[in-house]
Amino acid sequence: MDFTPDDTQAEIAALTARVLGKSADPGERWRALAGAGLLALALPADLGGDGLGVAEVAAVLTEVGRAAAAVPAYAVLALGVLPVETLGTPRQRARLLPPVAAGDEVLTAALHEPSAPLTTVPGTVGEAADGVWQLTGVKTGVPCAADATRILTPVALPGGTAVALVDPHADGVELVRTHSSSGAPEYTVRLAGVRLADTEFLRDRSPGHAVATLHRFALAGALALGDGLLAGALALTSQHIAQRTQFGRPLAAFQAVAQQIADVYVAARTVHLAATSAGWRLAAGLDADTELDVAAYWLTDQAPAALATCHHLHGGLGVDREYPLHRYSAAVTDLGRALGGAAHRLGRLGERVAG
């Protein structure tokens, strides 16, 4: 399906929801998203895409979160497609993006280092040797690394930072599978003298520009996904307390239950407002850094407590692995960790105030 800038985000969201609703199988869902053109929204027309941007991609990610779908949409779209489309050369875009939009290949990014989530000062370094670059360092929490065609990897070079396009199967790359709450594939990536040509870096118009751009898309995508996860958990819990009866009355009729679900509603709406505001500013080309940091704090602070309340309101059903609520809480846990947690996000806000 072809989209134009006149298509509303609501229409894209509705199509995404319909596509995800046709199957619960992750592989079938991913192929269906590709078949509907939803992975190609940000590609230019000459590469078979719709020429849209972060706002429309966010609409897809929100619905993926609302369904708690176990597909690599966040890694592929927010960490791969958007930054490559924005920063890549024409040759890089033509080589990497069409197979990803078709659902055949995966892109991801290595944003974190040990004890340094979303670091802007990478400990991973590149040194020039024999006409090529050699990369050395350790990245943690890299989603879908083993399945990726390229890993977008922030590195420190003489004179500044850059984003390298690292082949996860190249000589000198070691992938170590690590734990995630949701079971989604996540890796520690060790680079030991990985050789890279100049053509395997995303262009950097000014010092730190490429890394900052990658981080903005990562935050915007995480916020959209988290917004959907919280909304989906709220809907599931609201339905449960409306249908489950106690003493001949729906659980929702009890004041204590109504107050708790109201708290979850307030948290969900607050995260939605913050995420939407930050995403709109980024899509409009405005300075969105403060809004992204504020929204990331609200998500990491509010979502875990809201999911805990949802589990509580489900009673024993809330700990049943066959019931879908655990998919939401596990995904929220992974997402909060990817953002560094509430304390880290609050610290980033404090740095802004102090600066």
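This structure is a prediction, so every number in the text was calculated from the model and none was measured.

A. Structural detail: the overall build of the protein. A count of helices and strands for the protein gives ten helices and nine strands. Taking 20 Å as the expected radius of gyration for a compact globule of 355 residues, we find that the protein reaches 20 Å, a close match to that expectation. Once the C-alpha set of the protein is aligned to its principal axes, its extents read approximately 80 × 45 × 35 Å. Across the protein, the fraction of contacts at a sequence separation of at least 24, relative to all contacts at a separation of at least 6, is 68%. Accessible surface computed for the protein: about 15500 Å², of which carbon and sulfur atoms make up 55%. Averaging the locations of the 26 positively and 35 negatively charged side chains of the protein gives two centres separated by 4 Å.

B. Structural view of the packing of aromatic side chains. All chains considered together, the criterion is met by two aromatic pairs. A centroid spacing of 6.1 Å and a plane angle of 70 degrees characterise the contact between W133 and F201, whose relative ring orientation is edge-to-face. Placement of W133 in strand β3 (residues 132-143) and of F201 in the loop between β7 (186-196) and α6 (209-243) is noted, with a sequence separation of 68 residues between them. For W133, a relative accessible area of 16% corresponds to the buried category.

C. Examining the layout of surface pockets more closely. What the second largest pocket holds in volume is close to 530 Å³. Lining the second largest pocket are 27 residues; nearest its centre among them are Q9, T62, D227, H272 and T276. Those elements giving two or more residues to the lining of the second largest pocket turn out to be α1 (9-21), α3 (54-66), α6 and α7 (255-283). Ranked by the residues each element gives to the lining of the second largest pocket, the list is headed by α7, at ten residues. Residues of the lining of the second largest pocket, tallied by class, amount to 18 nonpolar, five polar and four charged.

D. Looking closely at the pairing of strand β1 (residues 106-109). Residues V106 and T108 point to one face of β1 and L107 and A109 to the other, with burial holding for every one of them. By the bridge criterion, four bridges tie β1 to strand β4 (residues 148-157) in an arrangement that is parallel. Each bridged residue has a counterpart across the sheet, and for V106 the counterpart in β4 is A148.

E. Quick look at empty space enclosed by the protein. Counted by the stated rule, this structure contains one cavity of 30 Å³ or more. Space inside the largest cavity adds up to approximately 40 Å³. Considering the residues around the largest cavity, the lining is formed by L299, T300, A303, P304, V332, L335 and G336. Listed by contribution, the elements that provide at least two residues to the lining of the largest cavity are α8 (289-314) and α9 (325-338). The biggest single contributor to the lining of the largest cavity is α8, with four residues. Residues that form the lining of the largest cavity fall into these classes: five nonpolar, two polar and no charged.

The rules behind the values
- Residue numbers restart at each chain and count upward from 1, following the sequence in its written direction.
- For a predicted model such as this one, the threshold for reporting local features is a pLDDT of at least 70, and the threshold for listing and counting side-chain atom pairs is 80 or more; totals across whole chains, interfaces and linings nevertheless cover every residue.
- Just so you know, side-chain values use all the structure's heavy atoms and leave hydrogens and water out.
- Helix and strand definitions here come from DSSP, where helices need a minimum of 4 consecutive H or I residues and strands a minimum of 2 consecutive E residues; each element is numbered from the N-terminal end.
- Between the two quantities, the radius of gyration covers C-alpha atoms and the globule rule is 2.2 Å times the number of residues to the power 0.38.
- Two residues qualify as a contact provided that any one of their heavy atoms is within 4.5 Å of a heavy atom in the partner residue.
- In these tables, accessible area is a Shrake-Rupley quantity obtained with a 1.4 Å probe, and a residue counts as shielded only by the protein chains included in the view.
- Charge assignment: positive for Lys and Arg, negative for Asp and Glu; neither His nor the chain ends contribute.
- To locate a charge, take NZ of a lysine, CZ of an arginine, CG of an aspartate or CD of a glutamate.
- Centre distance within 6.5 Å is the pairing criterion for rings of Phe, Tyr and Trp, where only the six-membered ring of Trp is used; planes under 30 degrees apart are then read as stacked, over 60 as edge-to-face, and the remainder as tilted.
- Accessible area is worked out with a 1.4 Å probe on protein chains only. A residue is then buried under 20% of its type maximum, exposed over 50%, and partly exposed in between.
- In this analysis the probe radius is 1.4 Å and the grid spacing 1 Å, with only protein atoms considered; a cavity is a set of points the probe fits into but cannot get out of, a pocket is an open set with protein on both sides within 12 Å along at least five of seven lines, and lining residues have an atom within 4 Å of a point.
- Grid points are joined across faces, edges and corners, and a volume is the space filled by probe spheres set on the points.
- Ten residue types, Ala, Val, Leu, Ile, Met, Phe, Trp, Tyr, Cys and Pro, are classed as nonpolar, four, Asp, Glu, Lys and Arg, as charged, and the remainder, Gly among them, as polar.
- Two strands qualify as a pair provided that DSSP identifies no fewer than 2 bridges between them.

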